[in-house]
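Residue-level listing of the chains:
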Amino acid sequence: MGESMTEVEYFKPERGQRPGANQDPRLNWWREAKFGMFIHWGVYAIPAGVWKGEHIPGIGEWIMLRAEIPIAEYEQLAGQFNPVKYDADEIVKLAKRAGQKYIVLTSKHHDGFCMYGSAETDYNIVDATPYGVDILKDLAEACAREGIKLGLYYSQTQDWHHPDGYGNTWDFKEEEQDFADYIENYVKPQVREILSNYGPIAIIWFDTPRIIARHQSQELLELVHELQPDCLVCGRLGNKLGDYATAQDNAIPPALQAEIDWETPATINDTWGFKTHDYNWKSTTQLIRNLVDIISKGGNYLLNIGPDAEGAIPQPSVERLEAMGAWLDAHGEAIYGTAPGPIQGVDWCRMTRKDDAAYLHVFYWPASGRLVLPKMDVSAADWLDASVDASLAVNHEGDSTVILGPAAAPNEHVTVIKLSK
Ligand code: JFZ
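The following refers to the structure shown. A quick note: this is a predicted structure, and the numbers were derived from the prediction, not measured. (Residues numbered from 1 in each chain as written. Predicted model: local features only at pLDDT ≥ 70, side-chain atom pairs only at ≥ 80, totals over all residues. Heavy atoms only, no water.)

Now for the overall build of the chain. Helix and strand counts for the chain stand at nine helices and 18 strands. Over its C-alpha atoms the chain spans a radius of gyration of 23 Å, differing by no more than 12% from the 22 Å that the globule rule assigns to 421 residues. When the backbone C-alpha atoms are referred to their principal axes, the chain occupies close to 70 × 45 × 40 Å. Looking at the chain as a whole, 58% of its 421 residues qualify as buried. In the chain, once contacts between residues fewer than 6 apart in sequence are set aside, the share between residues at least 24 apart is 71%. Here the chain displays about 16,300 Å² of accessible surface, and carbon together with sulfur accounts for 48% of that area. (Helix = DSSP H or I, 4+ residues; strand = E, 2+ residues; numbered from the N terminus. Rg over C-alpha atoms; globule rule 2.2 N^0.38 Å. Buried < 20%, exposed > 50% of the residue type's maximum accessible area, 1.4 Å probe, protein only. Contact = heavy atoms within 4.5 Å. Areas by Shrake-Rupley, 256 points an atom, 1.4 Å probe, with all protein chains shown as cover.)

So this is what it looks like as structure tokens:
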């Protein structure tokens, strides 16, 4: 699963631009949080992967580009957008039940439609839809009530609706576009309004820095810091600027990445934006193992939901997130606020650590019940899940530390054993 971060497009915070990765205290809450909720939601949820009766391949939020839908046709979707089932409190409470500590919502994706009441364009959920509600305002208030940090995704280069945005080659001619003007007179004013009108924004999640120049990235970074100094900037601002590295979608590095702060954005099925016919839902076990795998290597997991055109969250997402939350209720001590554990690179398990304890996360349980580890200076082994009452012995055999457990794994997803001296 995934490639090494060296093969994955990511950035390393430039030394000197901030105290440097792993030292910047602005990231402390983020490093503790480990697990966030991504929300990809827009008018693309209306076609939901199908256009004029044809199934359009790829991720749902890219349907306008994949099908080269003319702006004149695509923007009609706004007039159909009436998500009467949207409930900001329900979404935030689901994130809490799932154990997700921060939320990142698409404020403007590549299609250019703004999911907030922008003063810079009428092509937004308040002015262009029969729904007419600023869902971002509702979400920000719900996050504040529930103590969940709010981040905003913002596509700063690709904009398939704006005449000077990048990426729409079927309505516009690139040689006739003025990207510099787009950045100066559209992107900057919009970044200013989303960081001024919705309270504290914990992260701004820029994306696909296709043609942005170094000075444009730098100016956007300075604008963010001018408006909200504590707002983190993800690794896709462009030109290696930002506060943490952002892996390729769904990519998990095969090895520990201890020297940088990094995050894997990921889907529960195969699309970010809702698609009617995407039924390829990852299992709860796979999602929990992805969470543990990422955290054991020093990263954060930003796991996505894609609400449908009515604003409802797909039930398979709800079920998986609630099951992840139930696992985290029993095992969160081994996840939140942890650092990568001392044992790395063993295929059947992962390890995290916190204070004087190491947490062994067993993915594949041996029928013998003998968990054979490289030698560790530990003498006690305890189940993290209090509902398990079997005993555990620790033996040191040559260069190995052996934990003697039952023949079957107590937890169906990942069994966690706390190791201490
Ligand atoms: C981008 C978006 O295009 C996509 O719609 C979604 O929002 C996702 C979270 O981000 O997709 C990417 C961006 C970067 C890479 C891959 C997909 N990459 O670095 O390989």
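Although it is not a glycine, T208 sits at a positive phi angle of roughly 40 degrees. Considering the arrangement of structural elements, one finds T208 in the loop between β6 (203-206) and α7 (214-227). In this structure T208 comes out as buried when scored by relative accessible area, which is 15%. One non-glycine residue, K240, lies in the positive phi region at around 65 degrees. Its place among the elements puts K240 in the loop between β7 (232-233) and β8 (245-246).

Relative to the helices and strands, N250 resides in the loop between β8 and β9 (262-266). N250 sits 182 residues away from E68 along the chain, and the two C-alpha atoms are 26 Å apart. Within polar-contact distance, the side chain of N250 engages the backbone nitrogen of T267 at 3.0 Å. (Polar contact = N/O pair within 3.5 Å; in protein donor to acceptor, adjacent residues only side chain to side chain.)

Time to look at the site of the ligand. Taken together, 15 residues sit near the ligand, with H40, E61, H109, H110 and Q248 positioned nearest. Within the side chain of E61, one N or O atom sits 2.6 Å away from an oxygen atom of the ligand. Take D249: an N or O atom from its side chain is 3.2 Å from an oxygen atom of the ligand. Contact with the protein chains covers 87% of the free accessible surface of the ligand, which is 450 Å². Here the residues of the shell around the ligand are counted per class, giving five nonpolar, five polar and five charged. (Near = heavy atom within 4 Å. Nonpolar A, V, L, I, M, F, W, Y, C, P; charged D, E, K, R; others polar.)

This next bit is on empty space enclosed by the protein. Taken as a whole, this structure holds four cavities of 30 Å³ or more when the rule is applied. By volume, the largest cavity is sized at about 80 Å³. In this structure, the largest cavity is lined by 13 residues; those nearest its centre are N269, T271, W281, G306 and P314. Grouping the amino acids of the lining of the largest cavity by side-chain chemistry returns six nonpolar, six polar and one charged. (1 Å grid on protein atoms, 1.4 Å probe; cavity = no way out; pocket = protein on both sides within 12 Å on 5 of 7 lines; lining within 4 Å. Points joined across faces, edges and corners; volume = space filled by probe spheres on them.)

Scanning the entire structure with this criterion turns up 19 aromatic pairs. Arranged with centres 6.1 Å apart and planes meeting at 85 degrees, the rings of Y116 and Y198 form a pair that is edge-to-face. Separated by 82 residues along the polypeptide, Y116 in the loop between β4 (102-108) and α5 (135-146) and Y198 in the loop between α6 (179-194) and β6 bring together distant segments of the chain. Ring plane angle 90 degrees and centroid distance 6.5 Å describe the contact between Y154 and F206, whose orientation is recorded as edge-to-face. Of the two residues, Y154 is situated in strand β5 (residues 149-154) and F206 in strand β6; the sequence distance between them amounts to 52 residues. Just as Y154 is buried, F206 falls in that class too. Among the aromatic residues, those joined into a ring-pair cluster are W41, F81, Y86, F113 and Y123. The lysine or arginine in question, K101, covers the ring of Y336, its NZ or CZ lying 4.5 Å from the ring centre. A cation over an aromatic ring shows up here: K149 above the ring of W29, its NZ or CZ 5.1 Å from the ring centre. (Phe/Tyr/Trp six-rings, centres within 6.5 Å; stacked < 30°, edge-to-face > 60°. Lys NZ or Arg CZ within 6 Å of the ring centre and 35° of its normal.)

Below, the discussion takes up the layout of surface pockets. The volume enclosed by the second largest pocket comes to roughly 290 Å³. Lining the second largest pocket are 18 residues; nearest its centre among them are R31, K34, T338, A339 and P340. Among the elements of the structure, α1 (28-33), β10 (299-305), β11 (339-340) and β12 (349-354) are those that each provide at least two residues to the lining of the second largest pocket. Top contributing element to the lining of the second largest pocket by residue count: α1, with three residues. The residue inventory of the lining of the second largest pocket, partitioned by class, reads five nonpolar, seven polar and six charged.

Turning next to the pairing of strand β13 (residues 357-362). Of all six residues making up β13, six are buried, and the element is well covered by its neighbours. Burial of the side chains of β13 extends over both faces: A357, Y359 and H361 are buried on one face and A358, L360 and V362 on the other. In this structure, β12 lies alongside β13, joined through six bridges in antiparallel fashion. Directly across from K354, in β13, lies its bridge partner A357. Note that β13 and strand β18 (residues 415-420) share five bridges and pair antiparallel. (Pairing = 2+ DSSP bridges.)

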